[in-house]
Structures are given as C-alpha cells and as structure tokens.
Amino acid sequence: MTKRKLPPSASVANTAEDGKMVAPAASRNSDVLCALLRDWAPPQGRSLEIASGTGQHMAAFAAQLPDLEWQPTEIDPDRRASIDAYVREFPNVALAEELDATATGWHARFVGQNMIVLINLIHLISWQETRTIVAEVAKALAPSGRFVLYGPFMRSGLLTSDGDKRFHQALTEQDPDIGYKNDTETLALFEEFGLNVLKTVDMPANNLAFVTSRPAD
C-alpha cells in the first residue's frame, strides 16, 4: 500500500490534550456539510467516510444523522486515534479503519454502502488517483447508494478567486501532479464509472459538492 504524504500546507491540524485533533477547515465547514448531508443522505443504512481526517466531521455527521451506521477511514494512524477519540460516545460509529483510497481493490472491504462521503481530498491527489477513487466508490456503493464529493474545483478550467489561485499554485509547486480538478472533467468521470449526477451544489468559500448515485439494479 502506497502512503501519500500530503502537503503540510494543505493538511493542518493541532492536537488537544484529550487526543482529539482540531483542523481549522473542519471547524469552519462542519455545519454546512451537515446541512448538505441532511438534504441528500439516505434515511438509514451504511455510510462510509473516506479520509476522515481528525474525526470532527464524523462526530458531527453521527450526531446529525443518527440512523446511519458510520464507518470512518483514514490512512494516518495519529488521525485514526483522533477519530476514535471523537466518536467513542456514538453507538452508530465504528472504530476508524486504515484505508488508502487511492489504491485499487479496497471496495471489496466495504461493499454495499448506502452512502460514501469524501471531503477535501481530491485537490491533494493526482488525477489518476482521483480516477481510482471514483472507480472504487462506484463498486462499493449499493444500488441507489449515493456518493457525496466536496472540495475546491476549477470551473470550466478556470480558477475563479484569488484565494483559489494562490492555493492551487502552492499545491502544484509542491507536487505538479496535484491541485484543483476541473468540474466538467469530474462530472465526466462520474459518468464514465456509471454514477448519475443528482445535483451540483455551490457551497461557501467557493467550494462545490457533487451528489451522485449508483443506478438501482
């Protein structure tokens, strides 16, 4: 399993005394992401979060959507420990599992998901790794299962704010294979792997959320 080291400027978190790491970005966007999932999540079933990070989002999702059975995943062991510290009080959340979602074949461990959530990762990985994730997600979803993808994206190949231009440049200077992906190419990728796009949602801070679904059998 290849473990990618994320650019330090793109993956910032501090650790509190109770073992719970705090990422400023997760603190800022937790409420809007909960609102998004309340609109689009299935009423019950199994839900997988890829790259759960510190666990802040997972704790919020578990509290807001208690009828879903949540499975957090994370490649970094320190963050898995943080996730477990956040969710130990929630009966609807399993302990965090190790997962490199950019590796092929992981869908076999997580088949039959009613929802898969991925937040703020795609701009930190290559296009080929993005393709692998979407391909594996499509196989892991149950029929009619939903995939919610959130993060910063180009619009029709353009970076539409000064902040996005600076962030994308900083990422590509650290690794030319990563950086913002194009929204239109991302939509085409969903189609390639058989996912229907239900909605593209404009989110705060110039982010986008794509809500997609595997067709019913």
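For the structure, see preceding data.
Residues numbered from 1 in each chain as written. Predicted model: local features only at pLDDT ≥ 70, side-chain atom pairs only at ≥ 80, totals over all residues. Heavy atoms only, no water.

Asker: Please explain the pairing of strand β4 (residues 68-74) as it appears in this structure.
Answerer: Two faces make up the sheet, and in a regular strand the side chains alternate between them. Burial analysis of β4 places six of its seven residues in the buried class, which makes it a mostly covered element. Sheet topology places strand β3 (residues 45-50) next to β4; five bridges connect them, and they run parallel. Bridge pairing in β4 places Leu48 opposite Gln71. In terms of handedness, the path from β3 via helix α2 (residues 56-64) over to β4 forms a crossover that is right-handed. Looking at chain direction, β4 and strand β5 (residues 97-98) are connected through two bridges and run parallel. In the sheet register, Thr73 faces β5, and the bridge partner there is Glu97. Regarding topology, helix α3 (residues 77-87) serves as the crossover connection from β4 to the parallel β5, and that connection is right-handed. (Buried < 20%, exposed > 50% of the residue type's maximum accessible area, 1.4 Å probe, protein only. Helix = DSSP H or I, 4+ residues; strand = E, 2+ residues; numbered from the N terminus. Pairing = 2+ DSSP bridges. Right-handed = clockwise from strand over helix to strand, strands pointing away.)

Asker: What should I look at first to understand the environment of Gln169 in this one?
Answerer: As for its placement among the helices and strands, Gln169 is situated in helix α5 (residues 162-174). Each C-alpha atom of the pair Gln169 and Val111 lies 37 Å from the other, and the pair is 58 residues apart in sequence.

Asker: What exactly am I supposed to notice about the packing of aromatic side chains here?
Answerer: Describing an aromatic ring pair means giving the distance of the ring centres and the angle of the ring planes. Enumeration over the complete set of coordinates arrives at six aromatic pairs. With centroids separated by 6.2 Å and ring planes inclined at 65°, the aromatic side chains of Trp106 and Phe110 adopt a geometry described as edge-to-face. With a relative accessible area of 4%, Trp106 lands in the buried category. Note on Phe153 and Phe210: the rings are 5.0 Å apart at their centroids and 85° apart in plane angle, and the pair reads as edge-to-face. A residue pair is termed long-range when its members are at least 10 positions apart, and Phe153 in strand β7 (residues 141-154) and Phe210 in strand β10 (residues 207-213) qualify at 57 residues. By relative accessible area, Phe153 is classed as buried at 2%. By way of ring pairs, the aromatic residues Phe147, Phe153, Phe190 and Phe210 are connected into one cluster. (Phe/Tyr/Trp six-rings, centres within 6.5 Å; stacked < 30°, edge-to-face > 60°.)

Asker: Looking at this model, I keep getting lost on unusual backbone geometry. Mind explaining?
Answerer: One non-glycine residue, Asn120, lies in the positive phi region at around 55°. Relative to the helices and strands, Asn120 is located in the loop between β6 (113-119) and α4 (127-140). With a phi close to 65°, Asn206 is a non-glycine residue in the positive phi region. One can find Asn206 in the loop between β9 (196-203) and β10. Here Asn206 falls in the partly exposed class, since its relative accessible area comes to 26%.

Asker: Is there a simple way to think about the pairing of β7 in this case?
Answerer: The buried count for β7 comes to 11 of 14 residues, which makes it a mostly enclosed element. Viewed along the sheet, the connection from β6 through α4 into β7 turns out right-handed. When β7 meets strand β8 (residues 181-182), the two strands line up parallel, connected through two bridges. Each bridged residue has a counterpart across the sheet, and for Met154 the counterpart in β8 is Asn182. Viewed along the sheet, the connection from β7 through α5 into β8 turns out right-handed.

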